[in-house]
Amino acid sequence: MVRAGIIGFGYMGHFHLEKARCFPNVKVVSVYDTAEEKRKEAQAQGLVACRTLEEFLSSGIDLAVVATPNQWHCAYAQAAMRAGIHVVCEKPAALSVKEMEQVAACTKETGKFFTAHQQRRWDPDFRAVCEVVRNGSIGRVTTIESRVMGERGVCFGWRADPAAGGGMLYDWGVHLVDQMLVLFAGHKVTSVYARTLSVLTPAVDDFFEVMMFFDNGVCARVSVGTFALQKLPRWYVFGDRGSMRLDGFSGTVGGVSRIRGEVEGFDSVVGQKCLGPSRTMAPLRPEQVEQVALPQQENMELAFWENLVQAAEGAGTPIVTTGQLLRQLQVVEAAFLSAGKNEVVKTLI
């Protein structure tokens, strides 16, 4: 039985409680939160509500879930590991490369693992993109776009506070960057260019776009905005033989189109009456384009937690490693630097 405790019993603290309860071999026993209201909520769930961190760390748990505002992740994670407790932390794992290096050093010092909740590696839309990119069905990929756009226009609560590590690059950005690093694992990021804006949330970025250039020639663009009332695709992938588009997170809305093998570019517009705006932009005839079914994805909603529980039981290791999290934060730091200087930042990440 894995005995778990939760630090920070807000929205994500409740989320992790529900996920843990999906596993008969996991028991959440304690919660630490500085707010009395949240401690009462924990008691209503049958949990031990701890008033101090020390009380929480001595509550007999094997695994601590850090679900606090971002600025506390590093300190709470290290405190738990030094108390002999494994840690899973909400993203971002830390607010800087320096903090992440401290966490990584603490794992080696204590022998306890640290991982972060980068569960979007198992999202069906991302796995569909991975399959199409890796199987070569649209040829050599040159550019891939990933975006998440909302409508409400503001960052809520502590996410609007720079002191708490607020803003969209730390919130959604770490997910989208992580997905690109997983998709192109084994390839270095050679440069980063980024732009951040505070459109309707004055103190933090509520819009960003980051371009990552990999050593295999791929440009990966990730962007997030909180005020977009007309929708763009969740994913768009450009290959030299076709394209892929996905709308939303289901991985089922969109399509894959590729040119038939015997057609080379736009070599057959002679005699074609409807050329569109120009000969260069003339559409292909239907028989020249092949529609490919989107790859079907199984439900892997609990995959992150399945791996986490195995690691806590000593039957495996976390898939999301400290080395990967360090690399992710190196890209994020390069993006902030690029946005601040309005210039491309050369890297070898």
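Look up: the structure comes first, before these words.
So, here is what we can say about the structure in this document. (Residues numbered from 1 in each chain as written. Predicted model: local features only at pLDDT ≥ 70, side-chain atom pairs only at ≥ 80, totals over all residues. Heavy atoms only, no water.)

Each helix and strand counted, the protein has 9 helices and 15 strands in total. By the compact-globule yardstick of 20 Å for 349 residues, the protein fits well, its C-alpha radius of gyration being 23 Å. Across its three principal directions, the C-alpha atoms of the protein cover 80 × 45 × 35 Å. The 349 residues of the protein split such that 49% are buried. Restricting the contact set of the protein to residue pairs at least 6 apart, pairs at least 24 apart contribute 70%. Put simply, the protein shows about 16400 Å² of open surface, and 53% of that area lies on carbon and sulfur atoms. (Helix = DSSP H or I, 4+ residues; strand = E, 2+ residues; numbered from the N terminus. Rg over C-alpha atoms; globule rule 2.2 N^0.38 Å. Buried < 20%, exposed > 50% of the residue type's maximum accessible area, 1.4 Å probe, protein only. Contact = heavy atoms within 4.5 Å. Areas by Shrake-Rupley, 256 points an atom, 1.4 Å probe, with all protein chains shown as cover.)

Let us look at the sheet that holds strand S10 (residues 219–225). Within a sheet, adjacent strands bond to each other through the backbone by hydrogen bonds, running parallel or antiparallel. Taken together, 9 strands build an open sheet; the order of strands is S14-S13-S12-S11-S7-S10-S9-S8-S15 and the sheet is mixed. Taken across any chain shown, the strands that pair with only one partner, and hence form the sheet edges, are strand S14 (289–292) and strand S15 (345–346). In the sheet, strand S8 (residues 189–197) pairs with strand S9 (residues 207–214) via 8 bridges, with the strands oriented antiparallel. Within S9, the position partnered with Thr196 by the bridge is Phe208. Lying over the sheet, helix H6 (residues 124–135) contacts strand S7 (141–149), strand S11 (235–239), strand S12 (242–246) and strand S13 (254–259), oriented at roughly 175 degrees with respect to S12. (Pairing = 2+ DSSP bridges. Axes fitted to C-alpha atoms, helices over the stretch in contact; angles between N-to-C directions.)

The next thing to look at is the nonpolar core. If you look at the biggest cluster of nonpolar residues, it comprises 53 residues, and the most contacted ones within it are Phe56, Val87, Met100, Phe114 and Trp305. When residues in this core are grouped by element, the largest group, 7 residues, is from helix H8 (residues 303–312). Discounting chain neighbours no more than four positions away, the residues touching Phe56 are Gly5, Ile6, Ile7, Ser30, Val31, Tyr32, Cys50, Ile61 and Ala64. Core analysis: the second largest hydrophobic core is formed by 47 residues, Val132, Met168, Val189 and Val332 among them. (Core = buried A, V, L, I, M, F, W, Y, C linked by side-chain atoms within 4.5 Å.)

Pairing is parallel in the open sheet, where 6 strands are placed in the order S3-S2-S1-S4-S5-S6. Edge positions in the sheet fall to strand S3 (48–50) and strand S6 (114–116), since each has one partner strand and no second. The mean angle between the axes of side-by-side strands here comes to 25 degrees, regardless of whether they run parallel or antiparallel.

Attention shifts here to the packing of helix H7 (residues 168–183) against helix H9 (residues 322–341). Running from amino to carboxyl end, H7 crosses H9 at an angle of 120 degrees, the nearest separation of the two axes being 10 Å. Between H7 and H9, the angle falls in the class oblique. In the packing of H7 onto H9, the handedness of the crossing is right-handed. Across from Leu169, Tyr170, Val174, Val177, Asp178 and Leu181 in H7, the residues of H9 making contact are Arg327, Gln328, Val331, Val332, Ala335 and Phe336. (Parallel < 35°, antiparallel > 145°, perpendicular 65-115°, else oblique. Left-handed = near helix turned anticlockwise from the far one by under 90°.)

Further remarks concern unusual backbone geometry. Across the junction of Lys91 and Pro92, the peptide omega takes the value -5 degrees, indicating a cis bond. Residue position: Pro92 is located in the loop between strand S5 (86–89) and helix H5 (97–110). The residue Asn342 is not glycine, and still its phi comes out positive at about 55 degrees. Here Asn342 shows up in the loop between H9 and S15.

What follows covers the packing of aromatic side chains. If you walk through the whole model with that rule in mind, you get 9 aromatic pairs. Consider the rings of Trp122 and Phe304, whose centres lie 6.1 Å apart with planes at 70 degrees: the pair is edge-to-face. Taken together, the residues Trp122 in the loop between S6 and H6 and Phe304 in helix H8 connect sequence positions 182 residues apart. Residue Trp122 shares its accessibility class with Phe304, and that shared class is buried. Residues Phe184 and Phe214 carry aromatic rings whose centres are separated by 5.1 Å and whose planes lie at 50 degrees to one another, so their mutual orientation is tilted. In this pair, Phe184 is assigned in the loop between H7 and S8 and Phe214 in strand S9, connecting sequence segments 30 residues apart. As far as burial versus exposure is concerned, Phe184 and Phe214 are alike and both buried. Among the aromatic residues, ring-to-ring pairing joins Tyr32, Trp72 and Tyr76 into one connected group. (Phe/Tyr/Trp six-rings, centres within 6.5 Å; stacked < 30°, edge-to-face > 60°.)

Geometry only, nothing functional implied.
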